[in-house]
Amino acid sequence: MSSRYVRVADKELNDKHTAIFNELLQREDNQVCADCNRKDPRWASWNLGIFICIRCSGIHRSLGVHVSKVKSVDLDTWLPEQMENMIKWGNGRANSYWEDRLTDAIPKDTNQMHSWIQMKYVQKRWISSDTIPDDPSQLPIKVKTAASMPNHLPMVPFFFF
């Protein structure tokens with residue numbers, strides 16, 4: 001197989017994945033970060049099947065790849081099995097599982113998000129079953145929107161001197 005054929009095939013696959021991402025990110029449950037509810041998430045944890053913002057992506061990376069495998073929606077190349085997991089889950093189904101027994105408010109303070117995300121995915125504080133479902137299509141889709149969630153993190157301006 002020539003390298004030109006591989007490049008063309010890779011481009012075609014990447015274009016297909018881009019179209020799938022565009023469709024997935026139009027779903028109401030995927031329009032905000034799965035953790036902090038910020039609008040327009042452009043990162044994802046493909047093994048968890050969630051879309052997250054850049055700030056939460058850094059927290060997920062710090063958890064280790066045994067917990068969360070983070071990629072950019074726009075900058076990285078995706079494998080078909082990674083895409084399948086994103087299609088299978090999405091923020092709504094994932095939050096139905098990971099936040100099933102959540103009664104606490106999502107922290108407003110950026111400094112508390114690391115602990116909250118660790119409680120959610122490492123300590124599994126709010127799950128109702130220790131077994132992650134093989135078929136998440138049976139889970140309800142939990143929709144959170146930035147406008148309907150008063151506890152989303154505020155934008156913090158960055159000043160460069």
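Given the structure is predicted, the values throughout are model-derived calculations rather than measurements.

A.B. asks: Give a description of helix 5 (residues 110-121) that names residues and reports values.
C.D. replies: Counted at 1.5 Å a residue, the expected span for helix 5 with its twelve residues is 16 Å, and the 17 Å between its end C-alpha atoms agrees. Of all the positions in helix 5, only Met113, Trp116, Ile117, Met119, Lys120 and Tyr121 are classed as buried. Down the axis of helix 5, the smallest arc covering the buried residues is 165°, so these residues share one side. Residues of helix 5 that are buried in the fold lie against strand 2 (50-52), helix 2 (54-63) and helix 4 (90-98). The backbone nitrogen of Asn111 has a side-chain oxygen 3.0 Å away, supplied by the residue at the start of helix 5, namely Asp109.

A.B. asks: So what's going on with unusual backbone geometry? Residues and values would help.
C.D. replies: Keep in mind that most residues, glycine aside, have a negative phi and that most peptide bonds are trans. The phi torsion at Asn37 lies on the positive side, around 75°, for a residue other than glycine. Within the secondary structure, Asn37 sits in the loop between helix 1 (3-24) and strand 1 (43-45). What makes Asn37 buried here is its relative accessible area of 0%. The residue Asp40 is not glycine, and still its phi comes out positive at about 60°. By secondary structure assignment, the location of Asp40 is in the loop between helix 1 and strand 1.

A.B. asks: Explain the packing of aromatic side chains to me, using residue names and the numbers behind them.
C.D. replies: By the definition in use, this model includes five aromatic pairs. Ring geometry for Tyr97 and Trp98: centres 5.0 Å apart, planes at 85°, overall edge-to-face. The burial state of Tyr97 is the same as that of Trp98; both residues are buried. For Lys71, the ring lying beneath its charged end belongs to Trp78, and the centroid distance is 5.3 Å.

A.B. asks: Run through helix 3 (residues 80-88), naming residues and quoting values.
C.D. replies: Given 3.6 residues per helical turn, the α-helix brings residues three or four places apart onto the same face. The set of residues buried in helix 3 consists of Gln82, Met83, Asn85 and Met86. Down the axis of helix 3, the buried side of the element spans an arc of 160°, and every buried residue falls inside it. Phi turns positive, to about 80°, at Gly90, one or two residues after helix 3.

A.B. asks: Provide a residue-level description of the nonpolar core, including the pertinent values.
C.D. replies: Formed by 27 residues in total, the largest nonpolar core has its most connected members in Cys56, Met113, Trp116 and Ile117. Contributions of two or more residues to this core are made by strand 2, helix 2, helix 4 and helix 5. When residues in this core are grouped by element, the largest group, five residues, is from helix 5. Apart from residues no more than four positions distant in its own chain, Cys56 is found in contact with Cys33, Asp35, Cys36, Met113 and Ile117. Among the nonpolar cores identified, the runner-up in size contains ten residues, and Phe21, Phe51, Val73 and Met83 belong to it.

Cut-off values and rules
- Residues numbered from 1 in each chain as written.
- Predicted model: local features only at pLDDT ≥ 70, side-chain atom pairs only at ≥ 80, totals over all residues.
- Heavy atoms only, no water.
- Helix = DSSP H or I, 4+ residues; strand = E, 2+ residues; numbered from the N terminus.
- Expected span 1.5 Å × (residues − 1).
- Buried < 20%, exposed > 50% of the residue type's maximum accessible area, 1.4 Å probe, protein only.
- Arc of directions from axis to C-beta.
- Contact = heavy atoms within 4.5 Å.
- Polar contact = N/O pair within 3.5 Å; in protein donor to acceptor, adjacent residues only side chain to side chain.
- Phe/Tyr/Trp six-rings, centres within 6.5 Å; stacked < 30°, edge-to-face > 60°.
- Lys NZ or Arg CZ within 6 Å of the ring centre and 35° of its normal.
- Core = buried A, V, L, I, M, F, W, Y, C linked by side-chain atoms within 4.5 Å.

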